[in-house]
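# Observations on the three-dimensional arrangement
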Amino acid sequence: MPKRKIDDKFIQDFFHIGNSEEDKAELEEIQKKLIREQYENGKDICKIDGDPDCMYFLESGTAIVLSREGEQINIMHEGTYFGEYGVLSQQKRLSTVRSLGRTIVYRLNAEDMMAILAKHPDVYGELMKRVYGQVSGKHSQILALSGMRKGILQHPKNETPLSKRRIVIQYGILALIFLLCWIFIPKEANAPVFLVPLTLMLVYVLITKRTMESLIVSIMLAALLIYRKGISASFTDSMIEAMMCYDNAWTIFVMSLMGSVVQLIEASGAVTAFKKMADSKVKTQRGVMLSAYGIMAATCIDDGLNMACAANSTNAVAKEQALSREKTSLLYSLLPTVLSSFIPISLWGIFVIGTIAASIKKNALEVFCQSIPFNFFSILVVVAMLLYCFGKLPLTRRLKKADQRVKDGGTLWPDGSEKYLSLNEPEMWGKIMNIMLPILVLAVSSIAISSIIGKSFMVDSAVGLVATLIFMFFLYCWQGLMTPEQFVEHLVVGIANSTLANVLYLLTICFSTLLTELSLTEYFAETVEALGRFGPVFPMVMFVSAMFLTVALGSSWSMYAIVFPIAIQFAPLLGVNMALCIGAIAGAGIAGEKNCAFTADSMNVGTAIGCSPRVVRKVRMKYSFAITAIASVMYLIAGFIFRA
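For the structure given in this document, a descriptive report is provided here. Predicted, not measured: the structure shown is a model, and the values here were computed from it. (Residues numbered from 1 in each chain as written. Predicted model: local features only at pLDDT ≥ 70, side-chain atom pairs only at ≥ 80, totals over all residues. Heavy atoms only, no water.)

Tallied over the entire structure, the rule returns 17 aromatic pairs. Look at Phe14 and Phe15: their rings are 4.8 Å apart centre to centre, the planes differ by 80°, and that puts the pair in the edge-to-face class. Here Phe14 matches Phe15 in class, with each residue buried. Taking 6.0 Å as the distance between ring centres and 85° as the angle between the ring planes, the aromatic pair formed by Trp348 and Tyr560 counts as edge-to-face. (Phe/Tyr/Trp six-rings, centres within 6.5 Å; stacked < 30°, edge-to-face > 60°. Buried < 20%, exposed > 50% of the residue type's maximum accessible area, 1.4 Å probe, protein only.)

Rendered as structure tokens:
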């Protein structure tokens, strides 16, 4: 916004006031309601969590916007205005605004502002659109973080920099390991050389709790043992080879497009599309839970998106129905990823199909669909959460205490949740069609276009996503939700948000390929014949092993790339149903993340509903442990029933 004084012309333009005598009288009345205030350097104009009792016009000077942690997140100059968000939404202040040097502002009290806006509904609409843009942007940032952290371990110990002493020791030991492997392991060794980089990755991630770094270090060692060109050249060759694979390029392309679809849906305001319906229809606690369940199921092309849609739509009614945050946290903590795991065109499904395709090379989609009935962990979660919504699932002591706290007149949230409460979204007016139509177009076009062109049934989510983006362009631009330029900007942001997920995919696929080149599959194949009689227990062993590997890595996506090739090769040799094994591993990845204490999942849930991530984690893990145990028994039984 250009620098402008808060003069008569500014007020006229802001409130759309003309030059008639009646308009001039109104302008004079507004000027009387503007209260001039002066702030010296470092003084707070408004504070975070403060009451939304006014908005401000910045007459002169500069003001900075601070987050709850005291970090500067914006800067404002003369001619700008702020505080309208709180007045229109009736939410507590989301940030602190502090003067930088001497600052002069005009204050307009909330009652006066709303009275003026009642006479100028067009101005009200423009302000609401601006407020909406702020909220949508904030939520996009949250979901961008969620998307960027998919499959990545998040441990508190990594929040502080390493000391110089620790850097020298840690990376000195690493260099020594590389040197010893270079000297003592010959290129054509008959021993199981793959165990060296695989062991390094597992030990390194357990010590450092840094998933990406562990993968990179292990790839460097594996590539060094294969290419013998030095660390940088060997790593470069291995990564380029992974990127040149058609299946890998397809998966990265599709995940990037899916990131754009999700970003555009958020930018259109559709994450709040179901709110009005929930506000008018939901009258009980059971209704809140079932509404959240249904919304997540309807929008499960991405686990971050369905969580955002459900949270935005039901947080207000959950508050009205005095539903504790602990009780809603269980639903949001377990269900979003599980629902996505049944959908081949979801971001989760695309990633899994891509990792399967790296080993099977063809019919990966068919194998994935066949495995869905054997994803016992996800099926159990779906059933358990449905029982939970109807009040038929036994509650833990923590959930009972939360209910009692609310009944006794206490807060809806547990201690330690205060910093997350301000992120609850205010009432907005997204349209259901702006989320459901793109999802419908994606589902239909992914099947219909390639099937018609190829004259045989097939699913191509890449073609479907391109068609969906074209449809969304006309849908959103026609409604005036964004300009063509803004559409492209959001499309690019969506691609950027998927970058880390794409890099993780490339790293894990590259590492898996290198392990294969180091004779991992050949070595295990030699032991298969001796283990043939234990074939029926293989699905259960794979489920439990893959689950613990996910907990160790903090990443289901990394685990999938390592375990799928092993299972796909050995299942036929052991006489085990392939779909059963794929389903076991798919479910193990989700189970592992739910049983891991330091994934980003708890932070995402806490941010979405306003609850301490520590509490979210504790509520979830008791149920996830129980469901994991039941699923393990089911895989043991299924191994004897479903043979190849």
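Back to the write-up after that little detour.
Now for the pattern of salt bridges. A side chain with one charge may pair with a side chain of the opposite charge, provided their charged atoms come close. Evaluation of the coordinates by the stated rule reveals 12 salt bridges. Across the pair Arg93 and Asp53 runs a salt bridge, and its minimum N-O distance is 3.6 Å. One end of the pair, Arg93, is in the loop between α3 (84–89) and β6 (96–109); the other, Asp53, is in the loop between β2 (44–46) and β3 (54–66), and 40 residues separate them in sequence. Residue classification places Arg93 among the buried positions, given a relative accessible area of 6%. The exposure class assigned to Asp53 is partly exposed, which follows from its relative accessible area of 34%. Several salt bridges converge on common partners, so that one network encompasses Glu37, Asp53, Arg93 and Arg107. (Salt bridge = Lys/Arg side-chain N within 4 Å of Asp/Glu carboxyl O. Helix = DSSP H or I, 4+ residues; strand = E, 2+ residues; numbered from the N terminus.)

Below, the discussion takes up the packing of helix α10 (residues 246–267) against helix α23 (residues 499–517). Relative orientation of the contacting elements α10 and α23 amounts to 160°, with a least axis distance of 10 Å. In terms of orientation, α10 and α23 fall into the roughly antiparallel class. Regarding α10 and α23, the two cross each other, and that crossing is right-handed. Judged by residue contacts, Asp247, Asn248, Thr251, Ile252, Met255 and Ser256 of α10 engage Ala501, Asn502, Tyr505, Leu506 and Ile509 from α23. (Axes fitted to C-alpha atoms, helices over the stretch in contact; angles between N-to-C directions. Parallel < 35°, antiparallel > 145°, perpendicular 65-115°, else oblique. Left-handed = near helix turned anticlockwise from the far one by under 90°. Contact = heavy atoms within 4.5 Å.)

Despite not being glycine, His16 shows a phi value in the positive range, around 60°. Here His16 is to be found in the loop between α1 (8–15) and α2 (21–33).

Right, let's talk about the side chain of Thr468 for a bit. Tracing the chain through its elements places Thr468 in helix α21 (residues 461–478). A distance of 3.3 Å separates a polar atom in the side chain of Thr468 from the backbone nitrogen of Leu442. Apart from residues lying up to four places away in sequence, Thr468 is in contact with Pro438, Val441, Leu442 and Ser445. (Polar contact = N/O pair within 3.5 Å; in protein donor to acceptor, adjacent residues only side chain to side chain.)

This brings us to the packing of helix α14 (residues 325–340) against helix α18 (residues 397–407). Packing of α14 against α18 brings their axes to within 8 Å, and their N-to-C directions diverge by 140°. Taken together, α14 and α18 sit at an angle that is classed as oblique. From α14, Glu326, Lys327 and Leu330 reach across to α18, where they touch Leu399, Ala402, Asp403 and Arg405. For the contact of α14 with α18, the class distribution of residues is three nonpolar, no polar and four charged. (Nonpolar A, V, L, I, M, F, W, Y, C, P; charged D, E, K, R; others polar.)

Attention now moves to helix α25 (residues 538–553). When the terminal C-alpha atoms of α25 are compared, their 22 Å separation across 16 residues agrees well with the 22 Å that a helix rising 1.5 Å per residue should span. Residues of α25 that are buried: Phe538, Pro539, Met542, Phe543, Ala546, Met547, Leu549, Thr550, Ala552 and Leu553. On its buried face, α25 sits against α7 (195–208), α8 (211–227), α17 (376–389), α26 (556–573), α27 (578–595) and α29 (613–641). Just past α25, the residue Gly554 takes up positive phi, approximately 70°. (Expected span 1.5 Å × (residues − 1).)

Moving on to the environment of Ala567. If you trace the backbone, Ala567 turns up in helix α26. For the pair Ala567 and Ala584, spaced 17 residues apart in sequence, the C-alpha to C-alpha distance is 10.0 Å. Once you skip the residues sitting within four places of it in the chain, Ala567 turns out to touch Phe538, Met542, Pro572 and Ile585.

A few words on the pairing of β6. The element β6 is extensively covered by neighbouring structure, given that 10 of its 14 residues are classed as buried. Where strand β1 (residues 35–39) and β6 come together, five bridges link them in antiparallel fashion. Along β6, the bridge assignment pairs Glu37 with Val105. Sheet topology places β2 next to β6; two bridges connect them, and they run antiparallel. Residue pairing across strands places Cys46 opposite Val97, the latter belonging to β6. Pairing of β3 with β6 involves 11 bridges; the strand directions are antiparallel. Residue pairing for β6: Ser60 is matched across the bridge by Ile104. (Pairing = 2+ DSSP bridges.)

Let us now look at the nonpolar core. Core analysis: the biggest nonpolar cluster contains 154 residues, and Ile265, Leu331, Tyr332, Met385, Ile435 and Tyr560 have the highest contact counts within it. Looking at which element gives the most residues to this core, the answer is α26, with 12 residues. Not counting the four nearest positions on each side in its chain, Leu331 is found in contact with Met289, Ala292, Tyr293, Met296, Pro336, Met385, Tyr388 and Cys389. (Core = buried A, V, L, I, M, F, W, Y, C linked by side-chain atoms within 4.5 Å.)

Let us look at the environment of Leu520. Along the polypeptide, Leu520 turns up in helix α24 (residues 520–528). In sequence terms Leu520 and Leu198 are 322 residues apart; their C-alpha atoms lie 10.0 Å from each other. Setting aside residues no more than four positions away along its own chain, Leu520 makes contact with Phe194, Leu515 and Ile566.

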